[in-house]
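# Structural characterization, general
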Amino acid sequence: MTRTLDRTARIRSAWQAAWDQGRLEALDELLSPGYVRRRGPAAAPQDREQFKDSVRAVRRAFPDLRTEIEEIVEDGERLAIRWRSTGRHTGDFLGVPPTGRPVEVSGATFSRFDGAAVAEEWVTFDSRQLLEALGIVTTTKEAAVEADLVRGVHRKFITGVTVVTCDDDGKPRGLAVNAFASISLDPPMVLVCVQRSSTTHPALHRATHLGINILAADQLDVARTFASKADDKFAPHPWTPGGHGSPLLDGCCAQLEVEIGERLEAGSHTVFTGRVVFASHDDLAPLVYSGGGFFDISQTAPLPW
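What comes next is a walk through the structure. (Residues numbered from 1 in each chain as written. Predicted model: local features only at pLDDT ≥ 70, side-chain atom pairs only at ≥ 80, totals over all residues. Heavy atoms only, no water.)

By definition, the strands of a sheet pair up through backbone hydrogen bonds, in either a parallel or an antiparallel sense. Pairing is antiparallel across the open sheet formed by 3 strands, whose spatial order is β6-β16-β17. The open sheet terminates on both sides in strands that have one partner only, identified here as β6 (159-160) and β17 (293-296). Here strand β16 (residues 287-290) pairs with β17 via 4 bridges, running antiparallel. Within the sheet, the bridge partner assigned to Val288 lies in β17 and is Phe295. (Pairing = 2+ DSSP bridges. Helix = DSSP H or I, 4+ residues; strand = E, 2+ residues; numbered from the N terminus.)

Put into structure tokens, the structure is as follows:
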């Protein structure tokens, strides 16, 4: 407990000094010399000095910046930090001249300690929230559609069932997901959407790769297990690690291993996009989900067209 409090106190102190006061030397006491900061392929990884340059750029644009750490959760050598930043846009930022607008952005940072110093961090935030605040993009303010009506529409859409997995420092993690889609074939890219309240969500943020197991029609028991909150979901179901460590379940009709690229915050979910680095499939009918139920479509005939 003492170690946790020490790390928490040091992070809060260093963040306040660097982000709110511009005293960037405070980061030297928190971050290791080999520190790396990541935010997906759209932004190249940063070392400690490059991260300091980013802080300087933000503070020039928002000199009254205030950053509030709302929650810190520790898991071994890793900390998950939920934060919120506010400030008034009075300097050039992202090519946008000063607007004088108040800006609020929230996000999360996942830190990995090596001894007493932070060695690596992954950061994610709602970029659309920032762009809207700067006036770069706009959102039409229309009356919200009732959630039950939208849910009813979604129940009319038929999907497959996947189990999304990752390796978390040697421990397999996974959950059932039906929000899966292909982005492109050249390059081969896909996406999955994972609810942030899922216990697997932090592990996916830490991971570099994830597995996508498309369940076969006879794997309803697998779907039930990975949709549950069981402590060890993998115990009853055989699996093997993929080339990059992602757990791949036996008996699936198709499998992918994906190098994670962007982690995009969208409402209550995070959208994980990535490049396919492994793919396989078998001549098995998929498990199908529609209207709150599961179906085996292996006996159905295709419609002529």
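Enumeration according to the criterion identifies 7 aromatic pairs in this entry. Their ring planes at 85° and their centres at 5.0 Å tell us that Phe226 and Phe234 sit as a pair that is edge-to-face. Relative accessible area serves as the criterion here: at 5%, Phe234 is assigned to the buried category. An aromatic cluster is built from Trp19, Tyr35 and Phe51, whose rings are joined through pairwise contacts. Above the plane of the ring of Phe113 lies Arg7, whose end atom (NZ or CZ) is 4.4 Å from the centre. (Phe/Tyr/Trp six-rings, centres within 6.5 Å; stacked < 30°, edge-to-face > 60°. Buried < 20%, exposed > 50% of the residue type's maximum accessible area, 1.4 Å probe, protein only. Lys NZ or Arg CZ within 6 Å of the ring centre and 35° of its normal.)

Attention now goes to the state of the cysteines. Following the criterion strictly, the structure yields 0 disulfides and no others. Not engaged in a disulfide, the cysteine Cys193 finds its nearest cysteine sulfur in Cys166; these two sulfurs lie 16 Å apart. When its relative accessible area of 22% is taken as the criterion, Cys193 is described as partly exposed. Looking at the unpaired Cys252, the closest cysteine sulfur is the one in Cys253, lying at 7.0 Å. (Disulfide = S-S within 2.5 Å.)

It is worth spelling out the layout of surface pockets at this point. In this structure, the largest pocket spans a volume of roughly 1000 Å³. Taken together, 34 residues form the lining of the largest pocket, with Ala176, Val177, Asn178, Gln195 and His269 sitting closest to its centre. At the level of elements, α5 (147-154), β8 (171-177), β10 (188-195), α7 (220-226) and β16 are the ones that each hand at least two residues to the lining of the largest pocket. Along the lines of polarity and charge, the residues of the lining of the largest pocket split into 17 nonpolar, 12 polar and 5 charged. Counting only elements with at least two residues in the lining of the second largest pocket, the list comes to α1 (2-20), β1 (31-38), α3 (48-61), β3 (78-88), β4 (102-114), β5 (117-125) and α4 (127-134). (1 Å grid on protein atoms, 1.4 Å probe; cavity = no way out; pocket = protein on both sides within 12 Å on 5 of 7 lines; lining within 4 Å. Points joined across faces, edges and corners; volume = space filled by probe spheres on them. Nonpolar A, V, L, I, M, F, W, Y, C, P; charged D, E, K, R; others polar.)

On to the sheet that holds β1, then. Here 5 strands make up an open sheet; going across it, the order is β1-β5-β4-β3-β2 and the pairing mixed. For this open sheet the edge positions go to β1 and β2 (66-75), each flanked by a neighbour on one side alone. If you compare each strand with its neighbour and ignore which way they point, the axes differ by 20° on average. Its contacts with the sheet put α3 on β1 and β3, and the angle it makes with β1 is roughly 65°. Each of β4 and β5 is contacted by α4, which is oriented at about 150° to β4, the strand it contacts most. (Axes fitted to C-alpha atoms, helices over the stretch in contact; angles between N-to-C directions. Contact = heavy atoms within 4.5 Å.)

Counting 31 residues, the largest nonpolar core has Ile11, Trp15 and Phe62 as the members making the most contacts within it. Sort the elements by how many residues they give to this core and α1 lands first, with 5 residues. Leaving out residues up to four positions away in the same chain, Trp15 has contacts with Asp20, Leu30, Thr67, Ile69, Ile81, Trp83 and Thr109. Val164, Val190, Ala207 and Leu256 belong to the second-largest nonpolar core, a separate cluster that totals 17 residues. (Core = buried A, V, L, I, M, F, W, Y, C linked by side-chain atoms within 4.5 Å.)

A word on the pattern of salt bridges. Taken as a whole and judged by the stated rule, the model has 20 salt bridges. Note that Asp28 is salt-bridged to Lys52, the shortest N-O span being 2.7 Å. Here the residue Asp28 occupies a position in helix α2 (residues 25-30), and Lys52 occupies one in helix α3, the gap between them amounting to 24 residues. The class for Asp28 is partly exposed, based on a relative accessible area of 34%. (Salt bridge = Lys/Arg side-chain N within 4 Å of Asp/Glu carboxyl O.)

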